[in-house]
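Understanding the architecture of this molecule
Residues per chain are reported as follows:
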Amino acid sequence: MTEIIELRPDKNLMNSSFEKYQFCTDVTPIISEISLKKHVYRLEPNQNQESWLEARLFAFHNHLYKNAHDMSCWFIDEDLAVWRFDKNNSFDKMHILRAAKAELSKMTYNPSIGFTSNEISAISDGGEKLDILIGNKRQNVKVFTADPVKPGVIMNVQHVQKGSRIIVTMCAIANDDPKKYTQLTLLSYNLEFVENEVKNITYIDRQILKVQGTIDYAYVEENGNYLHSICQDNISFDEGDVQKSEIKVEQPNIDSQIKIPKYYWSQDEDSLTVWVKIPKRCSAEQQPKISVKPLELCVAIGNEILIQGKCQHRLEENMATWRRKEDTLQIDVSKYESGLMWSELIKGDTGGERLPNETLAAEIHERLAHLCTDQQSDNSRDQPCVGFNAEQLEECDLEGRDNFLQRIDLSTRTTTHLARLGSNNHVLFTCERKHGQVICLRHDHDACVWMTDDTCDDGTRWDMRHIHNFPGFGYVEASKTNKKFCVAPINGSYIAIAEHARHIFLYEKPDIEAKTSKQRIIDLSYESSPIMGIVAMKTYLIVLLTDKLYCLQIPK
């Protein structure tokens with residue numbers, strides 16, 4: 001049975017008094033600037049990769065990979081050499097993916113790298129070649145090349161110590177004529193030890209999952225039994241291509257498990273509108289009974305109570321209008337405090353769902369445009385600064401397909417936990433930890449940072465904790481129409497947004513009751529090449545261009 005979960009932000013972390021991210025002219029020092037001998041390797045989509053899914057996969061590919069276990073950064077150049085840069089500014093060539101450039105024609109996607117410890121990493125060339133590296137220094141690295149695999153991009157690598165397994169999760173775009181879909185392949189390998197040293201790696205099995213839409217996040221728990229994913233539709237197993245098990249277990253349909261709201265509601269500055277479905281057993285002749293008290297709302301038809309409970313804020317007493325259309329009842333009530341925006345209709349009631357008011361959203365966005373300050377000081381000469389003018393929300397900011405967070409049992413192929421994120425609460429960034437993951441989701445106007453913990457072995461409990469909050473950042477992020485990457489360090493002290501070229505925006509996390517926080521703009525100059533990748537650490541920001549690598553000091 002799937003457990004439906006709700007991601008309720010911690011009210012103690014929310015900051016309703018926050019006003020704006022204030023532009024700061026402090027210079028972000030460059031600690032090191034390394035000119036690359038060879039440009040970063042980048043593969044462009046071919047003529048058969050013209051779908052929106054493929055365009056998105058290529059456009060937002062981060063070519064700089066962070067190893068969360070030792071804080072190093074890796075990338076791959078045009079010679080397919082794998083380079084490692086660490087916090088001590090050491091720069092080492094770790095591996096060469098292919099010796100012959102003639103084999104580049106076999107590469108379908110950009111190369112990718114994943115880490116599961118400071119000693120184990122997996123590297124895909126974007127084609128059929130997958131190398132597993134044991135060791136973190138060039139002189140002691142052992143390379144094991146797996147049997148040819150289906151081309152894809154590595155999303156996660158997990159070392160399951162119990163059983164000495166490695167699970168590599170790869171993402172690709174597959175054809176389901178005439179449409180294309182996103183495919184996840186989970187490849188399992190066994191580590192064979194001799195005297196505590198890995199001597200061989202052998203293939204165990206693979207599991208393939210698919211979804212009609214994007215997959216923004218995938219992670220396998222440390223026990224190897226559960227997969228976390230955030231995607232736009234029901235993610236299910238491709239039963240025709242699972243190699244290990246011949247037992248087919250029906251994957252439940254996501255629509256049958258989602259809790260259908262008891263009512264919908266919307267608001268503007270002065271009023272609230274509620275839509276509630278009338279039970280079929282209620283006759284058309286029965287009139288609704290609507291009781292509106294200052295802090296309580298009750299809607300009933302006959303003996304059926306449709307809505308009842310204490311409201312979040314005050315209402316105008318005994319002021320309500322209603323209309324009935326077929327099996328839907330619409331109720332309009334007035335707010336006592338005009339301009340006060342409600343986050344829920346009935347206190348603690350999770351049965352309703354709020355609908356966006358597009359006109360109101362546009363007005364609010366206009367008021368909050370100052371969150372992205374476009375003023376700069378003439379005194380800043382050491383580092384040019386260019387602001388960004390937030391004029392309007394993107395269309396996708398108000399509508400789009402729903403996003404789902406799922407936790408899937410890989411042995412039974414069933415969904416154990418499910419959260420419906422809606423169309424607006426999309427992923428802003430993810431951050432790998434040594435244990436578990438950090439996920440940042442847009443929640444209304446804010447950016448809420450959640451931490452997932454690997455659960456106990458029985459699989460009944462799954463914890464997601466709200467640990468950081470960036471007020472108003474949802475609007476800031478939506479205004480950056482030229483954004484390419486959004487990243488943050490493990491401690492959540494700031495968020496960085498990188499554009500396709502030249503500009504990077506830094507936003508400090510404000511204190512709980514602060515009204516403002518600092519915004520910095522890093523300008524890499526007109527002559528800089530495109531930004532290929534970016535990694536955020538507590539005190540450093542690593543930026544990869546086509547021909548350079550920058551290490552920037554984050555001001556305290």
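Calculation criteria
- Residues numbered from 1 in each chain as written.
- Predicted model: local features only at pLDDT ≥ 70, side-chain atom pairs only at ≥ 80, totals over all residues.
- Heavy atoms only, no water.
- Pairing = 2+ DSSP bridges.
- Helix = DSSP H or I, 4+ residues; strand = E, 2+ residues; numbered from the N terminus.
- Axes fitted to C-alpha atoms, helices over the stretch in contact; angles between N-to-C directions.
- Salt bridge = Lys/Arg side-chain N within 4 Å of Asp/Glu carboxyl O.
- Buried < 20%, exposed > 50% of the residue type's maximum accessible area, 1.4 Å probe, protein only.
- Contact = heavy atoms within 4.5 Å.
- Polar contact = N/O pair within 3.5 Å; in protein donor to acceptor, adjacent residues only side chain to side chain.
- pLDDT = per-residue confidence, 0-100.
- Phe/Tyr/Trp six-rings, centres within 6.5 Å; stacked < 30°, edge-to-face > 60°.

**Digging into the sheet that holds strand β22 (residues 296–301)**
Paired through backbone hydrogen bonds, the strands of a sheet run either parallel or antiparallel to each other. Across the sheet, which stays open at both edges, the three strands sit in the order β21-β22-β23 with antiparallel pairing between neighbours. At either margin of the open sheet sits one strand with a lone partner, and together these are β21 (288–293) and β23 (304–310). Pairwise comparison of adjacent strand axes, ignoring direction, gives a mean angle of 5° for this sheet.

**Focus: the pattern of salt bridges**
Following the criterion strictly, the structure yields 18 salt bridges and no others. Here D70 makes a salt bridge to R84, at a shortest N to O gap of 3.1 Å. Here R84 lies in strand β6 (residues 81–85) and D70 lies in the loop between β4 (65–67) and β5 (72–76), a separation of 14 residues in the sequence. For the pair shown, D70 and R84 are each scored as buried. Put simply, D523 and R502 hold a salt bridge, and the shortest N to O gap is 2.6 Å.

**Concerning the environment of V141**
With respect to the secondary-structure elements, V141 resides in the loop between β10 (130–134) and β11 (142–145). On the accessibility criterion, V141 (17% relative accessible area) is buried. Along the sequence, V141 and H95 sit 46 residues apart, while their C-alpha atoms lie 8.5 Å from each other. Once residues lying within four places of it in the same chain are set aside, the contact partners of V141 are M94, L133, I134, G135 and N136.

**Observations regarding the environment of R354**
Tracing the chain through its elements places R354 in strand β26 (residues 352–354). In the structure, R354 is positioned 80 residues away from V274 in sequence and 9.2 Å away in space, judged by C-alpha atoms. Leaving out residues up to four positions away in the same chain, R354 has contacts with W265, Q267, W342, S343 and D444. Separated by 3.0 Å, the side chain of R354 and the backbone oxygen of W342 make a polar contact. Looking at R354, its side chain comes within polar contact range of the side chain of D444, at 2.7 Å.

**What to know about the confidence of the model for the protein**
For the protein, per-residue confidence averages 84 on the pLDDT scale, and residues scoring 70 or more make up 85% of the total. Throughout residues 376–399 the model reports pLDDT below 50, and contacts reaching past four residues in sequence, or to other chains, amount to 60 contacts.

**A closer look at the packing of aromatic side chains**
The way to describe two aromatic rings as a pair is by their centre distance and the angle between their planes. Considering all chains together, one arrives at eleven aromatic pairs under this definition. An angle of 85° between the planes, with centres 6.5 Å apart, marks the rings of Y21 and F473 as edge-to-face. Linking Y21 in strand β2 (residues 20–23) with F473 in helix α4 (residues 473–479), this pair joins segments that are 452 residues apart in sequence. Assessed through its relative accessible area of 0%, F473 is described here as buried. Ring centres 5.4 Å apart and planes at 80° place the aromatic pair Y21 and Y507 in the edge-to-face group.

**Focus on the pairing of β10**
Each regular strand shows side chains that alternate between the opposite faces of the sheet. β10 sits mainly inside the fold: five of its five residues count as buried. Of the two faces of β10, the one lined by L130, I132 and I134 and the one lined by D131 and L133 are each fully buried. Where strand β9 (residues 120–124) hands over to β10, the hairpin turn is made up of five residues, of which G126 adopts a positive phi near 85°. Inspection of the sheet shows β10 paired to β11 by four bridges, in the antiparallel sense. Paired with I132 across the two strands is F144, which belongs to β11.

**Overview of the sheet that holds strand β39 (residues 548–553)**
Judged by pairing direction, the sheet is antiparallel, and its four strands sit side by side in the order β3-β39-β38-β37 without closing on themselves. Looking at the sheet topology across the chains shown, the edges are occupied by β3 (30–35) and β37 (531–536). This sheet shows a mean twist of 10° between the axes of neighbouring strands, independent of strand direction. With five bridges joining them, β37 and strand β38 (residues 540–545) adopt antiparallel strand pairing. Residue pairing across strands places I534 opposite V543, the latter belonging to β38.

**Some points on the pairing of strand β24 (residues 315–325)**
Pairing geometry for β24 and strand β25 (residues 328–335), over seven bridges, is antiparallel. Bridge pairing links A320 to V333 in β25. In textbook terms, the turn of a hairpin is the stretch between consecutive antiparallel strands, and for β24 and β25 this stretch comprises two residues, one of which, E326, has a positive phi near 55°.

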